[in-house]
Amino acid sequence: MTSAFDDLMTANRAFADSFALAGFDGVAHAGVAVVTCMDSRIDPLRMLGLRPGDAKIFRNPGGRVTQAALEALVLGVHLLGVERILVVPHTRCAMATNTVAELRARVSESSGQDASWQFFGVIEDQQAALREDVRILRSHPLIPDRVAIGGFMYDVDTGLLHEEV
Ligand SMILES: [Zn+2]
């Protein structure tokens, strides 16, 4: 019997053969949390010189500070050793280059179904959205002032982060 996941399960067995992360706690050892986009061009640990165990990573389309991201960050700050939060949207993000109407039309075409009800968190102005997300974090009552919060744009063509806020 074959499954769509066979190659991944084979890779997992090789991973487990040399598994070195056993006994790790769930703390972010570099004290870092990253909110970034789901985009496959982004490698959040390696772009910051981090390794597994170092950071909490929260991803969604666009890399936005959503309610779910806030849930993760509040837990990270209070229970999991997070002292620095990076919000990292990126260049050429689909969420910033399509309108809701365009995304709905593309999904409708792909699915053959009406997608007009589906929420898509498109971003009209990435700089403004990043400033707003950083402002939300800096003013959040459950994220204390000792936590460093920064907004950075990741350039998918150079690999460089640019500090924006
Ligand atoms: Zn993106």
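Higher on the page you've got the structure.
Computed from a predicted structure; not experimentally measured.

## Things to note about the packing of aromatic side chains
Two numbers describe a pair of aromatic rings. These are the distance of the centres and the angle of the planes.
Alright, step 1. As enumerated under the stated definition, the model contains one aromatic pair in all.
Alright, step 2. Plain terms: the ring middles of Phe15 and Phe19 are 5.5 Å apart, the flat faces sit at 65 degrees to each other, and that makes the pair edge-to-face.
Alright, step 3. Classification of Phe19 as partly exposed rests on a relative accessible area of 42%.

## Thoughts on the coordination of the zinc ion
Alright, step 1. At 2.0 to 2.3 Å from the zinc ion lie its protein donor atoms, namely Cys37 (SG), His90 (NE2) and Cys93 (SG).
Alright, step 2. Counting along the primary sequence, the residues that act as donors to the zinc ion give the motif C-x52-H-x2-C.
Alright, step 3. The class for His90 is buried, based on a relative accessible area of 0%.

## Remarks on the layout of surface pockets
Alright, step 1. Here the largest pocket defines a volume of roughly 170 Å³.
Alright, step 2. Taken together, Asn60, Pro61, Arg64, Thr66, Met95, Phe119, Phe120, Gly121 and Val122 form the lining of the largest pocket.
Alright, step 3. Classifying every residue of the lining of the largest pocket by side-chain character gives five nonpolar, three polar and one charged.

## Here's the deal with the pairing of strand β4 (residues 148-154)
Alright, step 1. By the criterion of burial, β4 is predominantly enclosed, with six of the seven residues buried.
Alright, step 2. With four bridges joining them, strand β3 (residues 84-88) and β4 adopt parallel strand pairing. Counterpart to Val87 in the pairing with β4 is Gly151.
Alright, step 3. Inspection of the sheet shows β4 paired to strand β5 (residues 161-163) by three bridges, in the antiparallel sense. Paired with Tyr154 across the strands is Leu161, a residue of β5.

## A word on the pattern of salt bridges
Alright, step 1. Applying the stated criterion across every chain, the model contains five salt bridges.
Alright, step 2. Put simply, Arg41 and Asp39 hold a salt bridge, and the shortest N to O gap is 2.7 Å.
Alright, step 3. By relative accessible area, Arg41 is classed as partly exposed at 36%.
Alright, step 4. Since its relative accessible area comes to 14%, Asp39 is described here as buried.
Alright, step 5. The salt bridge involving Arg64 is made with Asp133; its shortest N-O contact spans 2.7 Å.

## Section: a nonpolar patch on the surface
Alright, step 1. On the surface, Phe15, Phe19, Leu21 and Phe24 cluster together into a nonpolar patch covering about 370 Å² of accessible area.
Alright, step 2. Along the chain, the position of Phe15 falls in helix α1 (residues 6-17).

## Thoughts on helix α4 (residues 100-111)
Alright, step 1. Across its twelve residues, α4 extends 16 Å between first and last C-alpha, which sits within 8% of the 16 Å expected from 1.5 Å per residue.
Alright, step 2. Downstream of α4 by one or two residues, Gly112 has phi in the positive range, about 70 degrees.

Scoring rules and cut-offs
Residues numbered from 1 in each chain as written. Predicted model: local features only at pLDDT ≥ 70, side-chain atom pairs only at ≥ 80, totals over all residues. Heavy atoms only, no water. Phe/Tyr/Trp six-rings, centres within 6.5 Å; stacked < 30°, edge-to-face > 60°. Buried < 20%, exposed > 50% of the residue type's maximum accessible area, 1.4 Å probe, protein only. Donors = N, O, S within 2.8 Å, 3.2 Å for Na, K, Ca; no water. 1 Å grid on protein atoms, 1.4 Å probe; cavity = no way out; pocket = protein on both sides within 12 Å on 5 of 7 lines; lining within 4 Å. Points joined across faces, edges and corners; volume = space filled by probe spheres on them. Nonpolar A, V, L, I, M, F, W, Y, C, P; charged D, E, K, R; others polar. Helix = DSSP H or I, 4+ residues; strand = E, 2+ residues; numbered from the N terminus. Pairing = 2+ DSSP bridges. Salt bridge = Lys/Arg side-chain N within 4 Å of Asp/Glu carboxyl O. Patch = residues over 30% accessible without salt bridge, like charges linked within 9 Å, V, L, I, M, F, W, Y side chains within 5 Å. Areas by Shrake-Rupley, 256 points an atom, 1.4 Å probe, with all protein chains shown as cover. Expected span 1.5 Å × (residues − 1).

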